Structures are given as C-alpha cells and as structure tokens.
Amino acid sequence: MVSTYRNLEEKPKNLALDWVQILALSLTPNNHRDSRMTIFEQENFLGRKGELSDDYPSLQAMGWENNEVGSFRVHCGAWVCSQYPGYRGYQYVLECDHHSGDYKHFREWGSHAQTFQIQSIRRIQQ
C-alpha cells in the first residue's frame, strides 16, 4: 500500500520500519537460518569480532562491550541493524549482495548513517 501525506504530522511514526520490511522482502535468503554475519569493533574489519547467526535485541546482553560496531561482513542473508536496543532508532539494511557483503565504515550502511552506534541486529525473514 502506497500513501501520500500532506505534512509530516499525518505520517505514521512506524512507516520507516514498514518500508524497511518491504524493501527487505527481495533481499531475503531462502532460509533465514542460513544467515551469518561478523561484526567488528573497529572500521576496516579491525579489533574484536563477533559471529552472528541469530537475532539480537541487545548486543550488550550477548556480551558485546560497546554500543558501537565499526564494520560488518555479511556472509549470507540480509540483516537490519538498529541504533538502539529493541530494534529502535535508525535502521540499516545490510546484505551479502551489496558491497560483496563488506561494510568497512558506517558511511557504507546508507545515506543517512552518521554514527557507528549499533545496539541491536536481526535477520530479515520471509
């Protein structure tokens, strides 16, 4: 469903998430259980790293000591990375077919990315 809003006050607050989900449908692997990603503490794949293959509503709860992720390597699938825990804040769709799955710096996450702050990550599912 496509809607037009005359001003920002009419726009539903959850519309951005809806568009992310719609966009992601074409990026979803056949089986989201095959999704796999490596996160790195620093840009250019440096520093401490963590392997992900599941949804994480809070990276800190899984043991990530920082509220930032410097870079990503998406091995398989597509992911939504969120600025805050609970999949809130700015959201970025990262997938293995874009940049060959390598995201060296936050500027490669999307045109609106302005910070390394990522605190929750989930797989895009069908």
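Above: the structure in question.
Okay, so let's go over this structure. Everything numeric here is computed off the predicted structure, so don't read it as measured data. (Residues numbered from 1 in each chain as written. Predicted model: local features only at pLDDT ≥ 70, side-chain atom pairs only at ≥ 80, totals over all residues. Heavy atoms only, no water.)

### A closer look at the packing of aromatic side chains
For any pair of aromatic rings, the description consists of the separation of the ring centres together with the inter-plane angle of the planes.
Phase 1: Per the counting criterion, the structure on display carries six aromatic pairs.
Phase 2: Aromatic pair Y92 and W109: ring centres 5.4 Å apart, planes at 55°, arrangement tilted. Here Y92, found in strand β5 (residues 88–95), pairs with W109, found in the loop between β6 (102–103) and β7 (120–123); they are 17 residues apart in sequence, far enough to count as distant.
Phase 3: Owing to a relative accessible area of 1%, Y92 belongs among the buried residues under this scheme. (Phe/Tyr/Trp six-rings, centres within 6.5 Å; stacked < 30°, edge-to-face > 60°. Helix = DSSP H or I, 4+ residues; strand = E, 2+ residues; numbered from the N terminus. Buried < 20%, exposed > 50% of the residue type's maximum accessible area, 1.4 Å probe, protein only.)

### Remarks on the pairing of β5
The two faces of a sheet get side chains in turn, since along a regular strand they alternate between them.
Phase 1: Here strand β4 (residues 78–84) pairs with β5 via six bridges, running antiparallel. Bridge pairing in β5 links V80 to V93.
Phase 2: The hairpin turn running from β4 into β5, its antiparallel successor, is three residues long, and G86 in that turn takes a positive phi close to 75°. (Pairing = 2+ DSSP bridges.)

### Some remarks on the environment of C96
Phase 1: Looking at where C96 falls in the secondary structure, it is placed in the loop between β5 and β6.
Phase 2: Note on C96: relative accessible area 24%, which makes it partly exposed.
Phase 3: Remark: the alpha-carbon pair of C96 and A78, spanning 18 residues in sequence, is separated by 6.5 Å.
Phase 4: Apart from the residues lying within four places of it in its own chain, the contact partners of C96 are V74, H75, C76, G77 and G101. (Contact = heavy atoms within 4.5 Å.)

### A short note on the nonpolar core
Phase 1: Core analysis: the biggest nonpolar cluster contains 20 residues, and M37, I39, F72, W109, I118 and I121 have the highest contact counts within it.
Phase 2: For this core, the secondary structure elements donating two or more residues are β1 (36–42), β3 (71–76), β4 and β5. (Core = buried A, V, L, I, M, F, W, Y, C linked by side-chain atoms within 4.5 Å.)

### Topic: the pattern of salt bridges
Any two side chains of opposite charge can pair, so long as their charged atoms come close to each other.
Phase 1: Scanning the model with the defined rule gives three salt bridges in all.
Phase 2: In this structure, D54 engages R123 in a salt bridge whose closest nitrogen and oxygen atoms are separated by 3.0 Å. One end of the pair, D54, is in the loop between β2 (46–52) and β3; the other, R123, is in strand β7, with 69 residues separating them in the sequence.
Phase 3: Here the salt bridges do not stand alone but share partners, grouping D54, D55 and R123 into one network. (Salt bridge = Lys/Arg side-chain N within 4 Å of Asp/Glu carboxyl O.)

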